[in-house]
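As a plain string of letters, each chain reads:
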Amino acid sequence: MSEAIRKYYVPHGSAWPIIGSVSLFLLAFGAGNWLNDGAIGRYMVYAGTAGLLYMVFGWFGEVIRESVSGIFGRREDSSFRQGMIWFIMSEVMFFAGFFGALFYARQLAIPWLGGEGANIFTNLLLWSGFEPAWPTNGPGGLGGTFEPMPWKGLPLINTALLLTSSVTITIAHHALIDGNRKLLKWGLAATFVLGFLFLGLQVEEYYEAYVHLNLKLSTGIYGSTFFMLTGFHGAHVTLGSIMLVVIWLRVLRGHFTPTHHFGFEAVAWYWHFVDVVWLGLFIFVYIL
Amino acid sequence: MTSHAAEHHDEHHHGPEKGLKRWLFATNHKDIGTMYLVFALAMFFVGGAMAFVIRAELFQPGLQFVDPGFFNQMTTMHALFMIFGGVMPAFVGLANWMIPLQVGAPDMALPRMNNWSFWILPFAFTMLFSTLFMDGGAPAGGWTLYPPLVLQTGNAFPFVILSVHMMGISSIMGSINVIVTIMNMRAPGMTMLKMPLFTWTWLITAYLLILAMPVLAAAVTMLLTDHYAATSFFNAAGGGDPVMFQHIFWFFGHPEVYIMILPAFGVISEIIPTFARKKLFGYSAMVYATASIAFLSFIVWAHHMFTVGMPLSGELFFMFATMLIAVPTGVKVFNWVSTMWRGSMTFETPMLFAVAFVFLFTIGGFSGLMLAIVPADFQYHDTYFVVAHFHYVLVPGAVFGIMAGVYYWLPKWSGNMYNEKLGKLHFWLSTIFVNVTFFPQHFLGLAGMPRRIPDYATQFADFNLISSIGAFVFGLSQLLFVYIIWQCVRGGTKATDEVWEGSHGLEWTLPSPAPYHSFELPPTVR
């Protein structure tokens, strides 16, 4: 009952969101200007990025101080949890858009270019001689001859790395609940080391693709879907790894208790999400 | 239904901050709601000014005022401003104000994020507006941003894409806040099936936003990389397909249609019981109907693109799935009518707008049913019939829903009654001239007049003239709306706590105007 009578914490006034809005505007407007080869764009992008970083540090710092001071009860905690879940759901749908593009191209667009269904004249008149196949860079052969990225090798190693990191973060989580701080520290450290290893190998993989396989972002629909899907995933791994490092630093400072550690769990959820997306990528982009 | 308001237990009252800080640093759901509503009102007038340009050009055949390129910029920007700047923020504003009051919460669950959701918007729309002054002008390929046409946009191109991203970020954060508030902040005893329908429809809308907006973000990101990074998503030579964009876009776009109408359903479902002095007929059926509409909205997207080329099985599936939506929508319309049946009705301004909504939205719904029929759609596609259809569901639908909600809750917000005489005048001007504007467009479309064209054959002259006159009067009569709100906020007859004789629900247990902090300790709902 005491929980029901407790007041929900409502912060009174915060400067961080407006700093974030101005920074986001600088970033977006600068990016637009930069893409148009404008003179000031890149500086606006730098300023906007710096502003957003400042906001993230300041805002999260404020929330962490509030959390450590103990003003958050069960309901505030629940708000953060649910917020994180729906944020991850929105990220899932973002990836779904790109997966949708991949499936549409493979199952519909390419067969149609090859004359399937009622599209025989598309093939005969526009793209005569095009044989639908996957992977392809399209009837125009955009980007020139290329070799697809084999799933054996780096991608397989990367799958193993990410799956292992999922285990290590779960070990860390259990260690946190059991009060085993030492194992928690090592489990978290192992997780982000595996994350950074993954990223290193992905850089290596992209290098291989560009230099040895002639596989580029401009290599037709295969290159487009390959790099956009794996690239956005890599961006999320980068973000997730940074989040893991932050959580690790907080653990070193003695944050989190066996019963009160939403920050840890949010990052763990995010990490599992990144992991699951990778499994989708590994199956649909690399193997099939 | 409820106990007393609990704000008296507060030992240290935080009043609003003074000056600009109150708004820039706002975390109060009422302040943020007000900002959303004022912003939306401003955007309605910006979008309305663009509609003025369109209707002035179409006043008579031939080219009079603007060149065709600028005309196309106007149709595109009018849609973007009205959808993302007007209707959506207005509903988020209503949600911000009313959901915490309706569920007995002290504020939105994540107040700082709430501020960020709002303050992204003025920047996003400043950026979008600035494209009008860029080399090559604003985007002119329609708000649907279809490639390859949209890829020919001049310098505005990346700004349009990035402003859409900003709007998406804002919407996603706003909808996360709505969901968490409703799921986590309800007062004890406020079970899901006791929630007011406005809260219910917004909960479902928020799920739609979270599932749909990121897909739009993905689609426009692909446009950006197709333009600047030589990807081939929408380029057949590389194995992509421009039609693929339409599929991804409308996977977002159709839920978006319901994002704009479901909260209006909620507002109407609040107002009709109040003024009919009866409980809402079929409350749980309303909830399930709303959820069904939301589910169906994800499997009907290709009815926007019947003529683009699709296997016959696809056309059939999307036709039948679309027609299925008529069932839950019919449930809603019948329930509203049944609520009014044998009620002791009075017709204050909110009720007038609500009744007009039921009639006029249903007209829009029926023309939608006509458009769902594939062979008929082959005739109607991209004609003024489509323009008439979606304006009927958006103007006397969504916008009337917003205006009804504003009249309904304005006394609670301001503490004063608005001028009922002027409100009724505003209603009649709006309702008559919205029909003068859009009803003739049905005939224009059926006779074959294409949309998004600045000139037309002389046979279409009469109906276009009528439509333009209707649009001018409708637009100008909205100035009256602004005056009524301004007058009401400034002063007037004091409103009682209940405001309306037949009102029921937590928000009416609070004083009028609602105190700056309400329900800091949750009320008990019986």
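If you're wondering where the values come from, they're calculated on a predicted model, not measured in any experiment.

Chemist: Describe the interface of chain A and chain B, naming the residues involved and giving the relevant values.
Modeler: Counting from both sides, the interface comprises 68 residues of chain A and, opposite them, 70 residues of chain B. Buried surface at the junction of chain A and chain B, both sides included, amounts to about 5600 Å², of which 73% is carbon and sulfur. Viewed at the interface, chain B and chain A are joined by two salt bridges. R112 of chain B is the partner of E62 of chain A in a salt bridge, and the nearest nitrogen-oxygen pair spans 2.9 Å. At the surface where chain A touches chain B, the tally comes to 18 residue pairs in polar contact (both at pLDDT 80 or more).

Chemist: Account for empty space enclosed by the protein, with residues named and values stated.
Modeler: All names here are of chain B. Tallied over the full model, the rule gives two cavities of 30 Å³ or more. Together, 16 residues line the largest cavity, and M88, P89, V92, S171 and L209 are the ones closest to its centre. Every element with two or more residues in the lining of the largest cavity is listed here: α3 (68–103), α5 (156–184), α6 (197–228) and α7 (242–276). Computed from the structure, the second largest cavity encloses a volume of approximately 30 Å³.

Chemist: Break down unusual backbone geometry for me, citing the residues and quoting the values.
Modeler: Residue and element names in this part refer to chain B. Residue P148 is bonded to the preceding P147 through a cis peptide linkage, with omega at 0°. Within the secondary structure, P148 is located in the loop between α4 (111–130) and α5. Here the amide bond leading from S512 into P513 is cis, since omega sits at -5°, within 30 degrees of zero. Position of P513 among the secondary structure elements: in the segment after α15 (461–490). The residue D382 is not glycine, and still its phi comes out positive at about 60°. Here D382 lies in the loop between α12 (374–380) and α13 (384–414). Of the residues examined, D382 reaches a relative accessible area of 37% and is grouped as partly exposed.

Chemist: Please set out the domain arrangement of chain A residue by residue, giving values where relevant.
Modeler: Residue and element names in this part refer to chain A. Looking at chain A, the domain boundaries give domain 1 (1–72) and domain 2 (74–287). Between the C-alpha centres of domain 1 and domain 2 the distance comes to 26 Å. Taken residue by residue, the interface counts eleven residues in domain 1 and eight residues in domain 2. Of the roughly 900 Å² buried at the junction of domain 1 and domain 2 (both faces included), carbon and sulfur atoms supply 57%. Taken together, domain 1 and domain 2 are joined by zero salt bridges. Applying the counting criterion to the domain 1 and domain 2 interface returns two residue pairs in polar contact (both at pLDDT 80 or more). In terms of residue count, the dominant contributor to the side of domain 1 that touches domain 2 is helix α3 (residues 41–68) (four residues). Classifying every residue of the side of domain 1 that touches domain 2 gives seven nonpolar, one polar and three charged.

Scoring rules and cut-offs
Residues numbered from 1 in each chain as written. Chains lettered and ligands numbered in written order. Predicted model: local features only at pLDDT ≥ 70, side-chain atom pairs only at ≥ 80, totals over all residues. Heavy atoms only, no water. Contact = heavy atoms within 4.5 Å. Buried area = accessible area lost by both parts, 1.4 Å probe. Salt bridge = Lys/Arg side-chain N within 4 Å of Asp/Glu carboxyl O. Polar contact = N/O pair within 3.5 Å; in protein donor to acceptor, adjacent residues only side chain to side chain. 1 Å grid on protein atoms, 1.4 Å probe; cavity = no way out; pocket = protein on both sides within 12 Å on 5 of 7 lines; lining within 4 Å. Points joined across faces, edges and corners; volume = space filled by probe spheres on them. Helix = DSSP H or I, 4+ residues; strand = E, 2+ residues; numbered from the N terminus. Buried < 20%, exposed > 50% of the residue type's maximum accessible area, 1.4 Å probe, protein only. Domains from an automatic or database assignment. Nonpolar A, V, L, I, M, F, W, Y, C, P; charged D, E, K, R; others polar.

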